[in-house]
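A look at the structure
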Amino acid sequence: MVALAAAVAGVVVGYLLRRSLAEARIASAEEAARRITREAEREAEGKRREAVLEAKEESHRLRSEVERETRERRVELQRAERRLVQKEETLDRKGENIERREETLDRRENDLERVHQEVADVRARQVAELERISGLSTDEAKRILMANVQEEMKHEVASAIREAEAQAREEGDRKAREIITLAIQRCAADHVAEATVSVVELPSDEMKGRIIGREGRNIRTLETLTGIDLIIDDTPEAVILSGFDPVRREVARIALERLVADGRIHPARIEEMVEKAQKEVEAAIRQEGEQAALETGVHGLHPELIKLLGRLKFRTSYGQNVLKHSVEVAHLAGSMAAELGLNQALAKRAGLMHDIGKAVDHEVEGPHVTIGVELLTRYHESPEVIDGMAAHHGDSEPHSLEAVLVAAADAVSAARPGARRETLEAYIKRLEKLEAIADSFEGVEKAYAIQAGREIRIMVKPERIDDLTAVRMARDIVKRIEEELDYPGQIKVTVIRETRAVDYAK
C-alpha cells in the first residue's frame, strides 16, 4: 500500500511538474510571438513611410519633367506660330505681286492682240494687193513656189548623189581589189581534182569472174550492201564503181580493194568487209571534219555538223573538192573580215558552213542552200551564221557584212583558175542556151545569165508586157529550162519590167 501510494504520488507530482513546464513554455512562446509581431509592425510602418516618401519624390520629379516639357513645347509652338505668321505675310506679299503681274500681263496680252490684229489686217491688204498685181491666188503662188524649190532641190540632190556614188564606187573597187588580193595571197590552197566515179584496179582479169561470183551472187551482194553499181566491162584489170552517194562509193571501194587483196570473195566475207569499211569511213569522216574545224579555228560545232563536214571530203562540184573549197572560203572570208575590222570568227564559221547542205543534197530534196539552212537551224547555229550561209548564192538578201564576205569568198574560190574542171566551151554553151530560151519569148528585150548560170535576169518591154504577163512569163521560162537544160542546183529566173526616164544636162 505504501508503495502504491508512493507510486500514485510520484505520478501526480510528475504530472503537475510537466504541466507547469508546459504552461511556462506556452507563456514564453506567446511572449516571443507578441515581440515578433511588434517588430514586424514597426518594420512595416517604416517601409510604408519609406514607400510614401519615394512616391512623393517620384511624383515631384515627374511633375517637374512634365512642366519642363510643357514649357519647351510651348516655346516651340510659339516659334512655329511666328514662322507661320511670317510665311502668311510673305505669301500675302507674293499674292499681291502676282495679282499685279497678272494685271500687267493682261494689259500686254490685250496690246499684243491688238497689234496682231493690225498686222493681220496689213498682211491681208498686202496679200490682196499682191494677188491683184500678180493675177494669182495665194494657193496657186504656193504651189508654183514649192514646185520650183522641189525641182531645184532634186537637181542638186541628184548631182550630189551621182558624185558620191562615183567616188564611193571608185574607192570601193580599189579597196575591194586590195582586200581580195591580200586574202588570196594569204590563202593559197592546193586542190586535188577528184573523179565522180571510183576505179578499183585488179591484179588480173580473172578476178572479175570471182567478183561476179556464181550466178552473180557476189556482185549482187556487194551492190545491195553498198548501194553502188559495179561496172565490169572490157576495161583491162579494172572495175568501175558508180553511184550518186560519194560516201557509199568510198565504202564500196575500200571493201572491194580489201576483198581483192584477201582473195576470199563470198557473200559472208563481203558483208564483213563492207561493215569494216563503213566503220573506217565513218572514222575518217569524223577525223576530216575535226581537222577542217581545227585548221580554220572554228570551235564549238555540233558533233553532227562535224560529221557532215567530213562527208564533204567525198563530195565534189565540177571536180572541186567541196571540203577543201569550204576550208578555203573560210580562210578567205576570215582574211577579208580581218582586213575590214569585222568579226573574223563569224566570217570563218559561216564560210566553213556555207556548203554544208551538199553533204546530204543527194538524200534530201531541194537546193543545198535550203538544206543547209535547215541543218544549221536544227543544230542551233547562230542567226548570223545562218544568214551568211543562206546568202552566199544571192538566194536571200545578206543582213551583215560578214555574209557579203562569205559570198565574195565563195565566188573567188570557185572562179580561181584550176579550181573547177568544167570546160570553158560547155560553160559558155550552157549560158548561151539559157539566154536563148529567155530570148525566144515574145516581148523580151534583153536576157542576162549571171551568178555562173545560177540566175537569169530578163528585161521585158513595158509597153508590150504587163505585170500579170511578166509573172506568167517567169513561170513559162522556168518550165522550158527544166525541160531543155541539165544543170546543178537551181536556176533563179527574174523578169524585170520597168519604165525609165533618162535625160542629160549639157
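Now for a look at the structure at hand.

Rules and cut-offs
- Residues numbered from 1 in each chain as written.
- Predicted model: local features only at pLDDT ≥ 70, side-chain atom pairs only at ≥ 80, totals over all residues.
- Heavy atoms only, no water.
- Helix = DSSP H or I, 4+ residues; strand = E, 2+ residues; numbered from the N terminus.
- Buried < 20%, exposed > 50% of the residue type's maximum accessible area, 1.4 Å probe, protein only.
- Areas by Shrake-Rupley, 256 points an atom, 1.4 Å probe, with all protein chains shown as cover.
- Lys, Arg positive; Asp, Glu negative; His and termini not counted.
- Charge placed at Lys NZ, Arg CZ, Asp CG, Glu CD.
- Axes fitted to C-alpha atoms, helices over the stretch in contact; angles between N-to-C directions.
- Parallel < 35°, antiparallel > 145°, perpendicular 65-115°, else oblique.
- Left-handed = near helix turned anticlockwise from the far one by under 90°.
- Contact = heavy atoms within 4.5 Å.
- Pairing = 2+ DSSP bridges.
- Core = buried A, V, L, I, M, F, W, Y, C linked by side-chain atoms within 4.5 Å.
- Arc of directions from axis to C-beta.

Further remarks concern the overall build of the protein chain. When its secondary structure is counted, the protein chain shows 14 helices and 8 strands. Along the first, second and third principal axes, the C-alpha atoms of the protein chain reach 175 × 125 × 45 Å. Across the 506 residues of the protein chain, 29% fall into the buried class. With the model as given, the accessible surface of the protein chain reaches about 34000 Å², and the carbon-plus-sulfur share is 53%. The positive charge centre, built from 82 side chains, and the negative charge centre, built from 99, are 7 Å apart in the protein chain.

Another point: the packing of helix α8 (residues 322-340) against helix α9 (residues 344-353). Two elements in contact, α8 and α9, have axes separated by 7 Å at closest approach and are oriented at 160 degrees. Taken together, the axes of α8 and α9 are roughly antiparallel relative to one another. Crossing geometry of α8 relative to α9 is assigned as right-handed. Note on element contacts: α9 touches α8 through Gln 344, Ala 347, Lys 348, Gly 351 and Leu 352, opposite Ser 326, Val 327, Val 329, Ala 330, Ala 333, Gly 334, Ala 337 and Ala 338.

Within the secondary structure, Leu 21 sits in helix α1 (residues 2-134). Leu 21 sits 438 residues away from Met 459 along the chain, and the two C-alpha atoms are 153 Å apart.

What follows concerns the sheet that holds strand β2 (residues 229-231). Strand order in the open sheet formed by 3 strands is β1-β3-β2, and the pairing between neighbours is antiparallel. Both edges of this open sheet fall to β1 (198-201) and β2, since each of them pairs with a single strand only. Between one strand and the next, the sheet's axes are offset by a mean angle of 30 degrees, whatever the strand orientation. Inspection of the sheet shows β1 paired to strand β3 (residues 238-242) by 4 bridges, in the antiparallel sense. By the bridge assignment for β3, Val 199 is matched with Ile 240.

Before going further, it helps to examine the sheet that holds strand β8 (residues 492-496). Spatial ordering of the open sheet is given by β6-β7-β8, a layout of 3 strands whose pairing is mixed. Only two strands of the sheet have a single neighbouring strand rather than two, namely β6 (444-450) and β8. Averaged over neighbouring strand pairs, the angle between their axes works out to 15 degrees when direction is ignored. Note: β6 against strand β7 (residues 455-460), 6 bridges, orientation antiparallel.

So, on to unusual backbone geometry. The phi angle at Glu 215 is positive, at roughly 55 degrees, despite the residue not being glycine. Residue position: Glu 215 is located in the loop between α3 (206-212) and α4 (217-226).

Attention now moves to the nonpolar core. Ranked by size, the top nonpolar core spans 37 residues in total, and within it Leu 301, Leu 305, Leu 308, Leu 309, Leu 352, Met 353 and Leu 376 carry the most contacts. When residues of this core are traced back to their parent elements, those giving at least two are α6 (267-296), α7 (303-311), α8, α9, α10 (368-378), α11 (383-390) and α12 (401-415). Residue contributions to this core peak at 9 residues, all from α8. In this structure Leu 309 touches Gly 289, Leu 301, Leu 323, Leu 352, Met 353 and Ile 356, once residues within four positions along its chain are discounted. Counting residues in hydrophobic clusters, the runner-up holds 26 residues, among them Ile 219, Leu 256, Ile 270 and Ala 277.

Moving on, we come to α10. Residues spaced three or four apart along an α-helix point in a common direction, a consequence of the helix completing one turn every 3.6 residues. Turning to α10, its buried residues number three or more, namely His 368, Val 369, Ile 371, Gly 372, Leu 375 and Leu 376. Along the axis of α10, the buried residues cluster in a sector spanning 160 degrees; they form a single face. Trailing α10 by a residue or two, His 380 shows a phi angle of about 60 degrees, which is positive.

The next subject is the packing of helix α5 (residues 246-262) against α6. Two numbers describe how α5 lies on α6: the axes approach to 8 Å, and their chain directions differ by 130 degrees. Taken together, the axes of α5 and α6 are oblique relative to one another. Crossing hand, α5 versus α6: right-handed. Side by side, α5 and α6 meet where Val 247, Glu 250, Val 251, Ile 254, Ala 255, Arg 258, Leu 259 and Asp 262 of the first sit next to Arg 269, Ile 270, Met 273, Val 274, Lys 276, Ala 277, Gln 278, Glu 280, Val 281 and Ile 285 of the second.

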